[in-house]
Amino acid sequence: ISKFVYSASDSVVLAGAYGGEVDALAGTLLAKTKNAPMLLTSKYQVDPPLATELKRLKAKNIYILGGEAAVSKAVETELKKTYTVKRISGSDREATAVAIAREVGGQYKHVFLARAYEVLADALAVGPASALNGIPVLLTPTHNLCDVTLNALKEFGVTHVTIIGGEGAISKTVENQLKNYNVNRISGAEREDTALAIADEYFKSSVGAVMANGYVYADALVGGYLGAYFGAPILLTNANTISYRVISHLSEKTPEELALGGLA
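Computed from a predicted structure; not experimentally measured.

## What to know about the pattern of salt bridges
Scanning all chains against the criterion turns up eleven salt bridges. As a salt-bridge pair, Glu175 and Lys172 come within 3.5 Å of each other at their nearest N and O atoms. A residue pair is termed a helical-turn pair when its members lie 3 or 4 positions apart in one helix, as Glu175 and Lys172 do in helix H10 (residues 172–177) at three residues. Take Lys172: its relative accessible area is 40%, and that puts it in the partly exposed class. Between Arg245 and Asp193 there is a salt bridge; the shortest N-O distance is 2.4 Å. In this pair, Arg245 is assigned in helix H13 (residues 244–253) and Asp193 in helix H11 (residues 191–202), connecting sequence segments 52 residues apart.

## Examining the side chain of Thr162
For Thr162, the position within the fold is in strand E7 (residues 160–164). A polar atom in the side chain of Thr162 sits 2.7 Å from the side chain of Asn184. Not counting residues within four places of it along the chain, the set of residues in contact with Thr162 comprises His110, Val111, Phe112, Leu113, Asn184, Ile186 and Tyr202.

## Description of helix H4 (residues 48–57)
Among all positions of H4, only Leu50, Glu53, Leu54 and Leu57 are buried. For H4, the angular spread of the buried residues around the axis is 100 degrees, confining them to a single face. Projecting away from the buried face of H4 at angles above 90 degrees are the exposed residues Pro48, Thr52 and Lys55. Among the residues trailing H4, Lys58 stands out with phi positive, at a value near 60 degrees.

## A short note on unusual backbone geometry
Of note in this structure, Lys58 is not a glycine but carries a positive phi near 60 degrees. Along the chain, Lys58 turns up in the loop between H4 and strand E3 (61–65). By relative accessible area, Lys58 is classed as exposed at 59%. If you check the backbone angles, Glu118 has positive phi at about 65 degrees while not being a glycine. Glu118 gets classed as exposed once you look at its relative accessible area, which sits at 67%.

## Some points on the side chain of Thr237
For Thr237, the location among the structural elements is in strand E10 (residues 234–237). Excluding residues that lie within four positions of it along the chain, Thr237 makes contacts with Met211, Ala212, Asn213, Gly214, Tyr215 and Ile242.

The rules behind the values
- Residues numbered from 1 in each chain as written.
- Predicted model: local features only at pLDDT ≥ 70, side-chain atom pairs only at ≥ 80, totals over all residues.
- Heavy atoms only, no water.
- Salt bridge = Lys/Arg side-chain N within 4 Å of Asp/Glu carboxyl O.
- Helix = DSSP H or I, 4+ residues; strand = E, 2+ residues; numbered from the N terminus.
- Buried < 20%, exposed > 50% of the residue type's maximum accessible area, 1.4 Å probe, protein only.
- Polar contact = N/O pair within 3.5 Å; in protein donor to acceptor, adjacent residues only side chain to side chain.
- Contact = heavy atoms within 4.5 Å.
- Arc of directions from axis to C-beta.

Pasting the structure below:
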């Protein structure tokens with residue numbers, strides 16, 4: 001994906017390929033702001049394909065997303081031999097999402113709120129809308145909004161919170177914790193439908209779409225900035241079957257699609 005979009009880039013946003021998934025999804029806005037590709041790394045070493053791509057890009061600055069549980073100190077130390085490296089992290093994934101939003105700017109009237117655990121499809125699908133509209137993605141468990149996120153809403157001057165996903169993803173209890181804010185919810189019966197609802201809300205005039213597997217996240221992690229680059233939503237499918245509702249949307253609105261990942 002990096003090769004598809006960038007001939008060169010001064011900056012790169014780097015997330016862990018195994019355990020850094022949520023950090024990558026929250027980092028789509030940062031990638032767009034820095035005009036940078038999102039790349040993935042093994043936890044304990046800089047693998048040859050990553051090293052080769054960093055050289056091809058002629059990168060100078062690398063922003064590591066998440067703590068050492070996602071991207072180890074060894075990777076950071078190795079990269080610092082060649083590049084200027086900044087780690088953006090917090091004590092947990094919710095705090096890292098806040099730190100990423102703070103790095104981008106720190107003052108926002110509007111934020112997206114997505115589920116932080118287990119099913120990450122909603123955070124994935126809202127990535128392009130986040131990047132194109134300058135709206136950070138903050139994270140929450142299903143049943144209780146943590147203090148770090150509540151405090152960030154005050155710090156950033158937020159007035160409007162859009163919850164991504166239904167009550168099975170983010171419960172009514174969390175919504176009730178946001179009674180001091182203007183709150184709306186974008187959701188559908190299934191994760192594919194939530195992605196379609198995001199597309200209908202934020203990509204009314206788009207003539208393309210990025211198709212991603214909504215059940216296996218590795219390829220789709222870096223798809224948010226690709227969608228933002230083309231001004232296109234991410235739509236979801238599984239490996240072998242596609243919802244008739246997605247097919248209908250594509251046939252009506254998007255004559256060109258990009259598919260992320262291999263045939264498996």
